[in-house]
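Here are the chains, one letter per residue:
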Amino acid sequence: MKAVRLEATGKLQLREVEKPVPGPGELLVRVEACGICGTDRHIYHGEFPAKAPVTLGHEFAGIVEAVGAGVTGFRSGMRVTGDPNISCGGCEECRRGRVNLCRNLQAIGIHRDGGFADYVCMPESQAFALPADLNPLHGAFCEPLACCIHGVDLAGLRAGFSAIVLGGGVIGLLTVQLARLAGATRVVLVTRSAEKRRLAESLGATATVDPSGGDVVSRIIAEDGLLPGGADVVFECAGVPETMQQAPRLARRGGTAVILGVMAQGAKIEIEPFDLLFREVALISSFVNPFTHGRAADLIASGRIKVEPLISRRIGLAETPEAIVNPARGGEIRVLVVPDGK
């Protein structure tokens, strides 16, 4: 079969490899779609820890083609989505229920072969069923949505709260929708892209802000701003220094800022601890998707979360290395790799 292999940092190629065979407790899945994530670009540049050589791709869905010995919950022909994050179950963090912080965490598409391929193998425990009539491309959004759900859970967002979302990429636009579903009455999205601002408003944002128009913080939290005093919850979804520094400043007194965006490993920002203390702002981080992938799959299946507008383009495996190596095109939200080209 064909697979997009990270041979080493800065070396990504389409290869012919052996089709995997499912071992005991595993599923062999024919990949229908796999999303290109910013993390894939970080991995390529050596800015996010991975284990090369490896087939990249951690946002995948597809059809079960074969099952290994002992598999009881799935059969050939079922459509599934895969939670890529495999915890060990035995370390201290796992025993405390913090499986996303597992000291031996292994991620499909990062530490073991992933979904930028014709086929991928995964443990039965990581698979979640999707409806047979679901658009096959939509299943690839379960993993990023699961990460957003974890962030909203950590934020303690409740009905009647206000929220600010920094970043108009797939994480930001999914978070806008989740915030409204959770009952937020005012949701402000900040992004430079006019197209993404319009899309955010169609997906539930009550207002949007172009940061190129001046100081974002003062324009939003000033007495005559969109959210005087700040928001109950701020979600940083862009993963850039500017928004990382803005996030706690945009939270109201006693509010919460949640980091969902990913910056390069080793990157640093400046914060003002006195401001956090004096206003008792909670600055927290949200890492991957502990126990939220099933909820994401149910939301995608229900149609309550709109993902079709988030698909910028579809490409084949042959085009995937170039799409990862180069920065995302202007205005792109999510590029999906469709191995069979259909």
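Residues numbered from 1 in each chain as written. Predicted model: local features only at pLDDT ≥ 70, side-chain atom pairs only at ≥ 80, totals over all residues. Heavy atoms only, no water.

Draft legend 1. Representation of the sheet that holds strand E14 (residues 231-236) in the model. Overall, parallel pairing links the six strands, which are arranged E13-E12-E11-E14-E15-E16 in an open sheet. The open sheet has two free edges, formed respectively by strand E13 (207-209) and strand E16 (282-285), since each of these has just one partner strand. Taking the axes of each pair of neighbouring strands and ignoring which way they run, one obtains an average angle of 20° across the sheet. Direction of pairing for strand E11 (residues 162-166) relative to E14: parallel, over a ladder of four bridges. From the neighbouring strand, Ala163 faces E14, where its bridge partner is Val233. Along the sheet, helix H3 (residues 142-155) makes contact with E14, strand E15 (251-259) and E16, crossing E14 at roughly 150°. Sheet strands in contact with helix H7 (residues 241-250) are E11, E14 and E15, and its direction is about 150° off that of E15. (Pairing = 2+ DSSP bridges. Helix = DSSP H or I, 4+ residues; strand = E, 2+ residues; numbered from the N terminus. Axes fitted to C-alpha atoms, helices over the stretch in contact; angles between N-to-C directions. Contact = heavy atoms within 4.5 Å.)

Draft legend 2. Quick peek at the pattern of salt bridges. Inspection of the entire model under this criterion finds 15 salt bridges. One salt bridge in this structure joins Glu32 and Arg79, with 2.8 Å as the shortest N-O distance. Of this pair, Glu32 sits in strand E3 (residues 26-35) while Arg79 sits in strand E6 (residues 79-82); the two residues are 47 residues apart in sequence, bridging distant segments of the chain. Looking at Glu32, the relative accessible area reads 11%, which means it is buried. The residue Glu93 makes a salt bridge to Arg103 at a minimum N-O spacing of 2.6 Å. Within this pair, whereas Glu93 is found in helix H2 (residues 92-95), its partner Arg103 is found in the loop between H2 and strand E8 (106-107), the two being separated by ten residues in sequence. One salt-bridge network, in which partners are shared between bridges, spans Glu92, Glu93 and Arg103. (Salt bridge = Lys/Arg side-chain N within 4 Å of Asp/Glu carboxyl O. Buried < 20%, exposed > 50% of the residue type's maximum accessible area, 1.4 Å probe, protein only.)

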